[in-house]
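Structural overview
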Amino acid sequence: MKQDIGQRDSSPQTQKKPTKKTAEPDTEFVTVYIMGKAYKVPAGSTIMGAIEYAGYQIKRGAGCREGFCGACATVYRLPGDFKIYTGLACTTLVQDGMWLAQLPAIPPKKAIYDLEKLKPTVETFQLLYPEIFRCVACATCTKACPQDLEVMDYIQAAKRGDIEMVMDLSFDCLCCGLCAIRCPAEIVQFNVGLLARRLYGRYLNKKSQHLEERIKEIEEHKYDAEYEKLMKMSREELKKLYYERDME
Amino acid sequence: MYPEYMKPSLDKVAQTRAKRFELAKSGKPVFPPMSAEEREDVLQKFHPDYKPDARRKVRVGPNKGELLTAEVADLLESHSRIDPKKFDLSQPDYETDILIIGGGGGGCAAAIEAMRNGAKSIISTKLRLGDANSMMSQGGMQAADMPQDSPTRHYLDAMGGGHFDNKPELVRALTEDGPKIVKWLEELGVVWDKLPDGTMQVLHGGGTSRKRMHSCRDYTGAIIMRTLMDEVRNHPDMIEVLEFMPTVELLLDENGQCAGGILYNMETEEYFTVRAKATIIATGGFGRLHIRGFDTTNHYGATGDGLIMAYRAGANLLYMDSVQYHPTGAVYPEQIAGFLITEKIRGAGGQPVNKDGELFVFPREPRDVEAAAIIRECIGRKNGVTTQSGRVGIWLDSPLIEMLQGEGYIKKQFPAMFRQFNRYGIDITKEPMLIFPTLHYQNGGIEINDKAETSIPGLYVAGEASGGVHGRNRLMGNSVLDYNVFGRRAGFNAANYVQKVKLGKLTLEHVLKYEQELKEAGIETDRIAPVLLPLYTPEAVRKRQLTAHYEGTLR
């Protein structure tokens, strides 16, 4: 359904639709400083929208564009304010006078490990990420988090070996790296959270009996005959079966 | 915050809520589900695929003469990014067992499985590892592991959802592997939602006859993708990851076997050759081609690159005439237009209602039917709400979920959705979301068999880039399962294949032949593919960019 309502440009490859992404005549504009250069962009744009409106083709600094992947970590300052702010370019709106820069990548520290040889205990963190014990509890990581996670609290939980709490508090982490780049103790919080979640999923989440039983049934070829029957059915036979099936 | 002009409509939604709540509690369908004839009627009149200009005949390649989605036909009728004559293929820059194209869920699953079977691989990816639609799935993954369910029942649901066009052997592979995938992922550390006794917490999706949707809150894709990526990163000796280095053309050998590809460093603009004994395409879908001008839920790099590369090399495409529009994409605020609003919202009791707060469709019709019904309500019956920028949508009433499931349910089960709207001052526990269908999924793709093999020896495909698994309409939760099942199968089968295969001299002859075919068909175009990235530069800026040439979107 072509809804002529200002959807994004189609790919230039198709070259059929007129370019739509021009602002409405009554659009208000603000000035932003992209890496120091001033551009007028529509008020209400996301930072990512503003960068593209200004004419940049983003290579690094855009991924899912919906707040799931963490590719677009951005730092900015506002006029008359000494603070450094952090956000995702895809979900943070521009403000007049904003001075911004995207972080193309963040040097990570990632431990290499064999999950099968690890134990879900504090010793694992001592071994793989000993720097968490340098945490000075300043909460800069928590302030930097664009997801508003309690980052410092999960690092403290990791120091205690409370893997369930690390899993729970870090669950919505996007691994954007803004915590790590701001941390005075040089901790890579997002990788600590990821390790804890994997330990929890592998060792601490209660096993599902019904899953083991179903896999055993499949391995013992319990469903083979029914599959073969279904796969041989005509479209009409299958259709009939489908529309007559019962619902949970 | 919703603007003042939407208030009268919002008030009406609030007024009808109590009545609709009673209806939902009754346990009966809140709106009569459509008959087969009604479904056909609304699809014919309102589904974007059925518009007269939605499809056109492709004039070159293995599917020549077939009606395809017009934008796909355009993609296929385009020039290569490279001049094959300029490449010296006798001295490859990289050599490996398996070249994996795409660093999403399918690519990572394939690399892990190949590694476990002794094969080394290179992952070539255009953005970062994990920058893929896999990262963004919210609702969950289907798998028939509950006692009241069975893999064959999952098979029947998937076949019906796909209008019985699915390839049976692929649906069997998908559904039979399902429970094993749940376990495989758990052993890698995926944290599934469970009840305290370890029973999986499962929900319905559109078109399921049993509750079999497994989730990780509403960050299902993010949790699975990051787990797979982390495991890939744990094996640098076996898996080499090349980021911002997409593959732009496949290599064949003189015997027609797939033998690697040409890679393009997007930052230094250099090209590199990779000689590989087998190649796996896991490049995902085409949402960023913005079919029919639609907004999309897809990630930045979803430009159908694998389709054109495989097509030039001679692989057949299946069902590239059908496009999945997700019924519920965000309309307001403008900044999140097109973003996915998970089907799990309707699974939990959220209802689509028009500007007067009235129900007009059963909330869990198959995706194509539900999407067409919403378009009919907005465009055909003019019962939508129009925003200041000219978009139109209907309401998805989320506060009802809190009434049905208890207070606090949304924040616990939909943290991503809550956060998405809360950023703009909209509290979805108290106010509904304005929605319209959004471009979501490539139903078809490169044809494979149940070993993930294509018609080209040594070329495998996994995930959204492949065709046949979902017929002409995918059900919710089957794509997460798809990339895991066929990613693993591709990795396993390729690892076995590379132990026997002998490669001959490398060639790009197929690219030259394809160019010749374009010429003979009289196709004159400056289109170049793979597209790699969409272009969002405004027209005024583009006019001032007096560059000598564009290579697709890149200058």
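Residues numbered from 1 in each chain as written. Chains lettered and ligands numbered in written order. Predicted model: local features only at pLDDT ≥ 70, side-chain atom pairs only at ≥ 80, totals over all residues. Heavy atoms only, no water.

1. What to know about the pairing of strand β17 (residues 433–442) of chain B
Residue and element names in this part refer to chain B. Counting buried residues in β17 gives 10 out of 10 residues, a clear majority hidden from the surface. Across 6 bridges, the pairing between strand β13 (residues 323–330) and β17 is antiparallel. Note on β17: the bridge partner recorded for H326 is T438. Note that strand β16 (residues 392–397) and β17 share 3 bridges and pair antiparallel. In the sheet register, L396 faces β17, and the bridge partner there is M433. (Buried < 20%, exposed > 50% of the residue type's maximum accessible area, 1.4 Å probe, protein only. Helix = DSSP H or I, 4+ residues; strand = E, 2+ residues; numbered from the N terminus. Pairing = 2+ DSSP bridges.)

2. Examining the layout of surface pockets
What the second largest pocket holds in volume is close to 970 Å³. Taken together, 33 residues make up the lining of the second largest pocket; nearest its centre are A:E248, B:P29, B:H204, B:F362 and B:R364. Its residues placed into classes, the lining of the second largest pocket shows 16 nonpolar, 9 polar and 8 charged. (1 Å grid on protein atoms, 1.4 Å probe; cavity = no way out; pocket = protein on both sides within 12 Å on 5 of 7 lines; lining within 4 Å. Points joined across faces, edges and corners; volume = space filled by probe spheres on them. Nonpolar A, V, L, I, M, F, W, Y, C, P; charged D, E, K, R; others polar.)

3. Some words on empty space enclosed by the protein
Counting across every chain of the model gives 7 cavities of 30 Å³ or more. In this structure, the largest cavity encloses a volume near 680 Å³. Its residues assigned to classes, the lining of the largest cavity comprises 13 nonpolar, 28 polar and 8 charged.

4. Side note on the sheet that holds strand β5 (residues 99–102) of chain A
Residue and element names in this part refer to chain A. If you trace the 5 strands from one edge of the open sheet to the other, you get β2-β1-β5-β3-β4, paired in mixed fashion. Among the strands making up the open sheet, the edge pair consists of β2 (37–42) and β4 (85–88). Strand-to-strand twist in this sheet, taken as the mean axis angle between neighbours without regard to direction, amounts to 35°. With 2 bridges connecting them, strand β1 (residues 29–34) and β5 associate as parallel partners. What sits directly across from I34, in β5, is L100. (Axes fitted to C-alpha atoms, helices over the stretch in contact; angles between N-to-C directions.)

5. Side note on unusual backbone geometry
Residue and element names in this part refer to chain B. The amide bond that connects Y332 to the next residue, P333, takes the cis arrangement and shows omega of -5°. Structurally, the position occupied by P333 is in the loop between β13 and α9 (344–347). Non-glycine residue H290 carries a positive phi angle of around 45°. When you line up the elements, H290 lands in the loop between β11 (271–281) and α8 (305–312). For H290, a relative accessible area of 0% gives the class buried. Its identity is not glycine, yet K382 carries a phi of approximately 55°, on the positive side. The topology assignment puts K382 in the loop between α10 (367–380) and β15 (385–386). What makes K382 exposed here is its relative accessible area of 60%.

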